[in-house]
Amino acid sequence: MKNTIRFAIVGAASLVLAACGGKLEQAERLSPSGSEFQQALYTGYIELAKAEYNEGDYIDSDRFAEKAMAATRGEQVDPYHPEEWHLPSDREPVLIGARERLMQVLNAGAREKLPMQAAKAQTSFDCWVQEQEENWQPKDIAACRDSFVIAMEEIEAAMAPVAVVVEEKVVVMEKKEPMMMKPQSFEVNFNFDSDTPLPGSMEEVKAAAEYMKKFEDPKITIAGYTDTVGSVVYNDKLGERRAENVAFMGIEEGMEPKRIIMRSYGKKDLKVQTADGVKNAANRRVVITVESK
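The rules behind each value
- Residues numbered from 1 in each chain as written.
- Predicted model: local features only at pLDDT ≥ 70, side-chain atom pairs only at ≥ 80, totals over all residues.
- Heavy atoms only, no water.
- Axes fitted to C-alpha atoms, helices over the stretch in contact; angles between N-to-C directions.
- Helix = DSSP H or I, 4+ residues; strand = E, 2+ residues; numbered from the N terminus.
- Parallel < 35°, antiparallel > 145°, perpendicular 65-115°, else oblique.
- Left-handed = near helix turned anticlockwise from the far one by under 90°.
- Contact = heavy atoms within 4.5 Å.
- Nonpolar A, V, L, I, M, F, W, Y, C, P; charged D, E, K, R; others polar.
- Pairing = 2+ DSSP bridges.
- 1 Å grid on protein atoms, 1.4 Å probe; cavity = no way out; pocket = protein on both sides within 12 Å on 5 of 7 lines; lining within 4 Å.
- Points joined across faces, edges and corners; volume = space filled by probe spheres on them.

## Quick look at the packing of helix α4 (residues 58-72) against helix α6 (residues 115-134)
Stage number 1. Packing of α4 against α6 leaves a shortest axis separation of 12 Å and a crossing angle of 165°. With respect to their mutual orientation, α4 and α6 come out roughly antiparallel. Seen from above, α4 lies across α6 with right-handed handedness. Two secondary-structure elements touch here, α4 through Asp60, Arg63, Phe64 and Lys67 and α6 through Asp126, Cys127, Gln130, Glu133 and Glu134.
Stage number 2. Classifying every residue of the contact of α4 with α6 by side-chain character gives two nonpolar, one polar and six charged.

## Some details on the sheet that holds strand β2 (residues 218-225)
Stage number 1. Taken together, the four strands give an open sheet; going across it, the order is β1-β4-β2-β3, and neighbouring strands pair in mixed fashion. A single partner strand is all that each edge strand has here, and the edge strands are β1 (184-189) and β3 (260-266). Between one strand and the next, the sheet's axes are offset by a mean angle of 20°, whatever the strand orientation.
Stage number 2. Here β1 runs beside strand β4 (residues 285-292); their pairing, made up of six bridges, is antiparallel. Within the sheet, the bridge partner assigned to Gln184 lies in β4 and is Val290.
Stage number 3. Together, β1, β2 and β4 form the strand contacts of helix α8 (residues 201-212), whose direction differs from that of β1 by roughly 160°.
Stage number 4. Here helix α9 (residues 232-252) sits on the sheet and contacts β1, β2, β3 and β4; the angle it forms with β3, its principal contact strand, is near 150°.

## Digging into the layout of surface pockets
Stage number 1. Considering only enclosed or pocket space, the largest pocket measures out at about 460 Å³ in volume.
Stage number 2. Lining the largest pocket are 16 residues, with Glu156, Ala157, Ala160, Asp217 and Lys293 sitting closest to its centre.
Stage number 3. At the level of elements, α5 (92-113) and α7 (138-158) are the ones that each hand at least two residues to the lining of the largest pocket.
Stage number 4. By residue number, the principal contributor to the lining of the largest pocket is α5, which donates four residues.
Stage number 5. The residue makeup of the lining of the largest pocket, split by class, is seven nonpolar, one polar and eight charged.
Stage number 6. Of the voids in this model, the second largest pocket is the one considered here, and its volume is about 290 Å³.
Stage number 7. In terms of lining residues, the second largest pocket is bounded by Pro138, Lys139, Ala142, Ala143, Arg145, Asp146, Val233, Asp236, Lys237, Glu240, Arg263 and Ser264.

Written out as C-alpha cells, the structure is:
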C-alpha cells in the first residue's frame, strides 16, 4: 500500500511538472512562419523560453513559449505592458517610456522595414520587463535592457528622415537660418561607493531638463561612471545604479522616459586618469548629455 501511495505521489508530481514549462516543448515542434518579423519573433521568444526553463522558471518559460506560438500562427504579438506587471515603483516609468518608444517605431513601419532589428527590440524589451519584475539578477536585467537599447538605436538611425536638398528660389526678403543647438553635458557627482547624488546635484539635473526644452526632438543620454577602486563587474553595476537614480531625478523634472538612454561605463573612460585601485572624486560621476535626436 505504501508503494502504491508513493507511486501515486510521484505520478501526480510528474503531471504538475509536465503542466509547467510544457509549452516550450509544444512551441519547439512548430516551425517559424508568417512574415519575416513574425519568424524572428518566434525565434527570439523560443530563446527566452529556453533560458527561463533552464533556470527553473517554468511560468515565464510558458509565457514566452505562448508568444512564440502566437507569432508563428501569424497573430499580432505586442510587447508586454509594464503596468500589468509587479515592477518596482521607481522602475515602472522608465519601462513605460521604453515601450512607448518601441511602439513608435513599430507603428512607423519597423516591422516591415527592419524586421530582424524590430523583433530583437521587442523580445529584449519583454525580457527586460520580466527580469525587472523578478528584480534579483542585475546582470540579466542589464543584458536585456542593453540589448533593447542597441536594437532601438539601430532602428531609429535607419528610420531617421533623410534630408532632401532642394533648389531655393531667390527672394528679395531676408532669410533667417534657424539656430542649431549644440549638444551639452551636465555632471552629477557622488561619494565613494555610493549611488546617491551629492547635495546640490538637482541643480545640474534641472539645468539639463531646461536645456532639453530648446530641442524639438531631444535625446538624453545618462551615463554612469566610477573611480578605479573595485572590480570591473562591481563598478559596472555601481555606474548603472548611479545612472538610473539620476534618470529618475530627470523624469521628475520633466524628462520623458522614452527619450532617455542609460549607460554604465564603470571605471572605463575616466575623467582623471589614475592607476587601478585609486579613489578619485572627479571620476565618481554621471554625465547627462542633451542633444538633438
